[in-house]
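# Inside the fold
Below, each chain spelled out in residue letters.
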Amino acid sequence: MGQSSSSCSCNNGHEIYRPVIIGKNSGDIDGDDDLTLSLPDECLGSVFGKLGCLDRNSCSLVCKRWKCVDSKSRNRLVLLARSELSPCLPSLLSRFNTVSVLSLKCSRKLFSIDDAALSRIPIFLPFLKKLKLKGCIHISDDGLHAFSLHHPPLLTKLSFASCGFGAKGLNSLLSNCPSLQDLTLKRLRKLDATSSTPASSLWPGALSVDGGDVSNDHHNNINAVVAGDANKKEKDVHNYYYKRSLRLERLCLKDLHNARLFIPLILSASASIKTLIVCRSSGNWDRVLETSLHGKTTSISEIQMENVQMGDAGLLAISSSCPDLQLLYLSRTTDCTDDGLSAIANSCRKLRKLHIDAWSRFGSRTIGDEGVFSIANKCSQLQEVVLMGIPIAIPSLNALASNCPVLERMALCNTDSVQDSEMAFIAAKFLALKKLCIKNCPNVSKSGIEAVGRGCPNLVKLKVKRCKGVTQAMVSRLRFQRSSLVVSLDAGSMLFDSGGISLLASAVNEEEQGTATAMTNTNSTRSAAAAATTVAATHVICSSRGALLLRSKFESALQLGRRRRPTEDNAS
């Protein structure tokens, strides 16, 4: 396919495309002509970008030009970072020197690449923007320090998961990567093992210019802030962090311990950070947020707290420091109540998305209907509301419908308070609603689903899960009310073709009613086929493992019925 020709040449590091078109009269190539020779390298690279990894690797072996185009057009590279990769990593990266996203993944049970291999990556990838390390337990703090000494100018995103380095290596990266905007830390056990005070281990705010530890005065300043000491020292340390502030815009902490270690990091990046995500990280996060955000007006627009120890004190700190908050995600926080959510409602008027999972491990007081009512009265820009385990009532729904005219997405889950009356109210009042999810609400039945079918004029998708009162027959009736509505149903929403449904129904009838007449079986077959046509036209989506298991069992019964029919016909 034209392996003998290549139009990819280099002149001072720039590719020059010289189109070569070989006609059928030319006897240079046997078989069909290579039609890609008339394409510029950029177009051919775009075609390669649509292929999968294996197909693209195969294309790079076709000819020299395809290999060159493939090398120059790759933006993302994912490598299995075993120890065997270390010797050949320089040659591999020099081939794909335009890569901007690099992922190195290894199992924690195997030997990963070493510090020397990591330190050479910025040399061969000058356009590197995102770096992800996962399971590379043999990369130490020294390797990260050597990597950071190259000062990669375009590196904006770092993600570390299950790696073997600690605070020292992270200090070097944060100090020497001027463009860093996104930092994700997951399961860093050596960082978790740090038992020193916040001033002695951490981050650019606690480091000198050459990467060493900060002086004793700065130690005392940070400890004074953590201990709640007085005004002058607190002002001094804030000024120090402001001069050395990071440019982080997104900070994600998952499966980490010792929350107090991150006080200087959040304090140093509070002027620029926009997204803060904390998931399954132990420690008192009320104290962290109070210390990090105290007396500041930040630009944080998104906060997600999941499975952490946080209460109303943390919500008060957020409300006083984050006036531009647009997304609040609270999932299984231990001590948050309606008072804290009311503080958010009074200060964060730009809130657009609210997600609350009010599950409490010890059955303590948590967020309820009053907090949702306060949010609905004060935050008129709400577009999405997800409420799990909250006993919401009609007054709160009325406040949402009256004060939030752009509310388009709503989910009500894990509550007994949502009944048919609430569903009828939603259908009548929520005119802008486009997506509605009802999950694990056992008191919702036929009349509630029918009310939704008659109301909510802009509704395009209805998702119903684990609602015992909702059956497939109810969903089939929605076809006559809303032909364009997409319904995602849990158990009982199996999709078969009409023939399969008819055979299945007849097989079931034959097993349960062995003495029935042939006329009865024929009538049941026709009714099942009609029901199958109705269900297929309703766009029902199977969306649970239980439904898939039921479907597999019914398919087995269907095949069994097909096997029995020829035997019975021959016998007759």
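For the structure, check the block above.
This write-up is about the structure you can find in this document. (Residues numbered from 1 in each chain as written. Predicted model: local features only at pLDDT ≥ 70, side-chain atom pairs only at ≥ 80, totals over all residues. Heavy atoms only, no water.)

## What about the nonpolar core?
Stated formally: Residues enter a nonpolar core if they are buried and are Ala, Val, Leu, Ile, Met, Phe, Trp, Tyr or Cys, with the set joined through side-chain atoms within 4.5 Å. For the exposure calls, accessible area comes from a 1.4 Å probe over protein chains only, and a residue counts as buried if that area is under 20% of its type's maximum, exposed if over 50%, partly exposed in between. Throughout, a contact is declared for two residues whenever any of their heavy atoms are within 4.5 Å.
Counting 122 residues, the largest nonpolar core has Phe160 and Trp285 as the members making the most contacts within it. Not counting residues within four places of it along the chain, the set of residues in contact with phenylalanine 160 comprises Leu133, Leu144, Phe165, Leu170, Leu173, Thr184, Leu185, Lys186 and Leu188. If you look at the next biggest cluster of nonpolar residues, it comprises 6 residues, including Phe48, Cys59, Cys63 and Trp66.

## Quick look at the pattern of salt bridges
So the rule is basically this: A pairing counts as a salt bridge when a side-chain nitrogen of Lys or Arg comes within 4 Å of a carboxyl oxygen of Asp or Glu. A helix here means a DSSP run of H or I that spans at least four residues, while a strand means a run of E at least two residues long, and both kinds are numbered starting from the N terminus.
According to the stated counting rule, one finds 9 salt bridges in the structure shown. When the shortest N-O distance is used, the salt bridge between aspartate 70 and arginine 95 registers 3.8 Å. Here aspartate 70, found in helix α3 (residues 64–73), pairs with arginine 95, found in helix α4 (residues 89–95); they are 25 residues apart in sequence, far enough to count as distant. Of the residues examined, aspartate 70 reaches a relative accessible area of 0% and is grouped as buried. You can call arginine 95 partly exposed: its relative accessible area is 28%. Across the pair aspartate 255 and arginine 280 runs a salt bridge whose closest N-O atoms are separated by 2.8 Å. You can see aspartate 255 sitting in the loop between β8 (250–254) and α13 (263–269) and its partner arginine 280 sitting in the loop between β9 (275–279) and α14 (285–293), a full 25 residues away along the chain. The exposure class assigned to aspartate 255 is buried, which follows from its relative accessible area of 16%.

## Side note on helix α20 (residues 446–454)
Because each turn of an α-helix spans 3.6 residues, side chains separated by three or four positions in sequence point in the same direction. Within the sequence span of α20, burial applies to Gly448, Ile449, Ala451, Val452 and Gly453. After α20 finishes, the residue cysteine 456 shows a positive phi value of roughly 50 degrees.

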